[in-house]
Amino acid sequence: DVMNKQREIIYEQRQQVLDGLDIKSTIQHMVETSISAKVGQAFGERPTLDMASWRELLRSLEGVFFAKGAISLDEDALGDKTAQDLTDLFLEKAKETYEAKEKEITSPVMRELERVIMLRVVDEYWMDHIDAMQELRQGIGLRAYGQNDPKVEYKREGYEMFERMIAAIQEETLRRIFLARIQVGGEVKRER
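Residues numbered from 1 in each chain as written. Predicted model: local features only at pLDDT ≥ 70, side-chain atom pairs only at ≥ 80, totals over all residues. Heavy atoms only, no water.

Participant: Sorry if this is basic, but what is going on with the overall build of the protein chain here?
Facilitator: Within the protein chain one finds seven helices and zero strands. Beginning at the N terminus, the succession of helices and strands in the protein chain can be written as α-α-α-α-α-α-α. Here the protein chain holds 192 residues, and the buried ones make up 38% of them. Summed over its atoms, the accessible surface of the protein chain is roughly 11800 Å², and 50% of this surface lies on carbon and sulfur atoms. (Helix = DSSP H or I, 4+ residues; strand = E, 2+ residues; numbered from the N terminus. Buried < 20%, exposed > 50% of the residue type's maximum accessible area, 1.4 Å probe, protein only. Areas by Shrake-Rupley, 256 points an atom, 1.4 Å probe, with all protein chains shown as cover.)

So this is what it looks like as structure tokens:
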């Protein structure tokens, strides 16, 4: 039952890609979600960031969403920035990077690049997830020894594994799209 629901979600995503639908808005949503999550994690419950947390956050975003050195804040400027301020700043730079890449390789090539990368990443991570779920199923009976209902544990752990897989798909798709290098005049071909 858990696997069937997960399979439906993945199938739907995969079918959108195969149908050639424009997934730019999906990719943009992934960027927003990823950056917001990283900023939120860096802030935690604090109202502002210290320099060490700022550098760590910046390191996790630089080189993927924008070039190293594209954003720099000193300690005084950082003290005034809220989580939303930094999220907006990072999203603006990421959008600039994405638009520059699209302009360089043209929109049709960018749309095909998005589809090819998303399809490949979904397929890779889904296969790994199926293997992990089979391993979970084989070992779930041992939960009964710990006074836990194996069915409840299977559903809970399966759901957590699925959520981690979706987050990993998002991160890897963005990383590959932002870091992809296309030869000008080259053509992106989708494998069957």
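Participant: It is not clear to me how the packing of helix α2 (residues 24-43) against helix α5 (residues 83-105) should be interpreted in this structure. Could you clarify?
Facilitator: At their nearest, the axes of α2 and α5 sit 10 Å apart, and the two run at 145° to each other. When the axes of α2 and α5 are compared, the crossing they make is right-handed. Between α2 and α5, the residues in contact are K24, I27, Q28, V31, E32, I35, S36, V39 and F43 and A83, L86, T87, F90, L91, A94, Y98, E99 and E102, respectively. Of the residues that constitute the contact of α2 with α5, the class distribution is 11 nonpolar, three polar and four charged. (Axes fitted to C-alpha atoms, helices over the stretch in contact; angles between N-to-C directions. Left-handed = near helix turned anticlockwise from the far one by under 90°. Contact = heavy atoms within 4.5 Å. Nonpolar A, V, L, I, M, F, W, Y, C, P; charged D, E, K, R; others polar.)

Participant: Looking at this structure, I do not really get a negative patch on the surface. What am I missing?
Facilitator: A cluster of acidic residues, D74, E75, D76, D80, D85, D88 and E92, forms a negative patch on the protein surface. Contributions of two or more residues to the negative patch are made by α4 (75-79) and α5. Note that D80 resides in the loop between α4 and α5. Residue D80 is classed as exposed on the basis of its relative accessible area of 63%. (Patch = residues over 30% accessible without salt bridge, like charges linked within 9 Å, V, L, I, M, F, W, Y side chains within 5 Å. Salt bridge = Lys/Arg side-chain N within 4 Å of Asp/Glu carboxyl O. Lys, Arg positive; Asp, Glu negative; His and termini not counted. Charge placed at Lys NZ, Arg CZ, Asp CG, Glu CD.)

Participant: I keep staring at the packing of aromatic side chains and nothing clicks. Help me out?
Facilitator: The geometry of two aromatic rings is summed up by the distance between their centres and the angle between their planes. Applying the stated rule across the entire model yields four aromatic pairs. When the centroid spacing of 5.9 Å and the interplanar angle of 15° are considered together, the rings of W54 and F90 count as stacked. Of this pair, W54 sits in helix α3 (residues 51-61) while F90 is found in helix α5, placing the two residues 36 residues apart along the sequence. Judged by centre distance (5.7 Å) and plane angle (10°), the ring pair of F66 and F90 falls under stacked. Remark: F90 occurs in helix α5 and F66 occurs in the loop between α3 and α4; sequence separation between them is 24 residues. (Phe/Tyr/Trp six-rings, centres within 6.5 Å; stacked < 30°, edge-to-face > 60°.)

Participant: Mind showing me how you'd approach the nonpolar core here?
Facilitator: Within the largest apolar cluster, 41 residues are counted, with the highest numbers of intra-cluster contacts made by I27, I35, W54, F65, L86, F90 and F178. Those elements giving two or more residues to this core turn out to be α2, α3, α5, α6 (107-139) and α7 (150-179). Looking at this core, the element that brings in the most residues is α6, giving nine residues. Look past the residues within four positions of I27 in its chain and what remains in contact with it is Y98, E114, M118, T173, L174 and I177. M133, L136, I140 and M161 belong to the second-largest nonpolar core, a separate cluster that totals five residues. (Core = buried A, V, L, I, M, F, W, Y, C linked by side-chain atoms within 4.5 Å.)

Participant: For this particular structure, what's the right way to read the pattern of salt bridges?
Facilitator: When the charged atoms of two side chains lie near each other, side chains of opposite charge can form a pair. With the rule as written, the count across this model stands at 14 salt bridges. The partner of R156 in a salt bridge is E157, with the nearest N and O atoms 3.6 Å apart. Overall, R156 belongs to the partly exposed group, its relative accessible area being 37%. Linking R175 and E172 is a salt bridge whose minimum nitrogen-to-oxygen distance equals 2.7 Å. Within this pair, R175 and its partner E172 are both found in helix α7, separated by three residues, close to a single helical turn.

Participant: How do you make sense of unusual backbone geometry when you look at a structure like this?
Facilitator: As a rule of thumb, non-glycine residues mostly have phi less than zero, and peptide bonds are mostly trans rather than cis. In this structure, T106 takes a positive phi of about 80° despite not being glycine. You can see T106 is positioned in the loop between α5 and α6. The class of T106 is partly exposed, set by a relative accessible area of 40%.

Participant: How do you make sense of the side chain of E62 when you look at a structure like this?
Facilitator: Along the chain, E62 turns up in the loop between α3 and α4. Within the buried core, E62 has no salt-bridge partner, and the shortest N-O distance to an opposite charge, that of K68, equals 5.7 Å. In terms of polar contacts, E62 uses its side chain to reach the backbone amide nitrogen of G69, at 2.9 Å. (Polar contact = N/O pair within 3.5 Å; in protein donor to acceptor, adjacent residues only side chain to side chain.)

The values reported here are purely geometric and, on their own, carry no functional implication.
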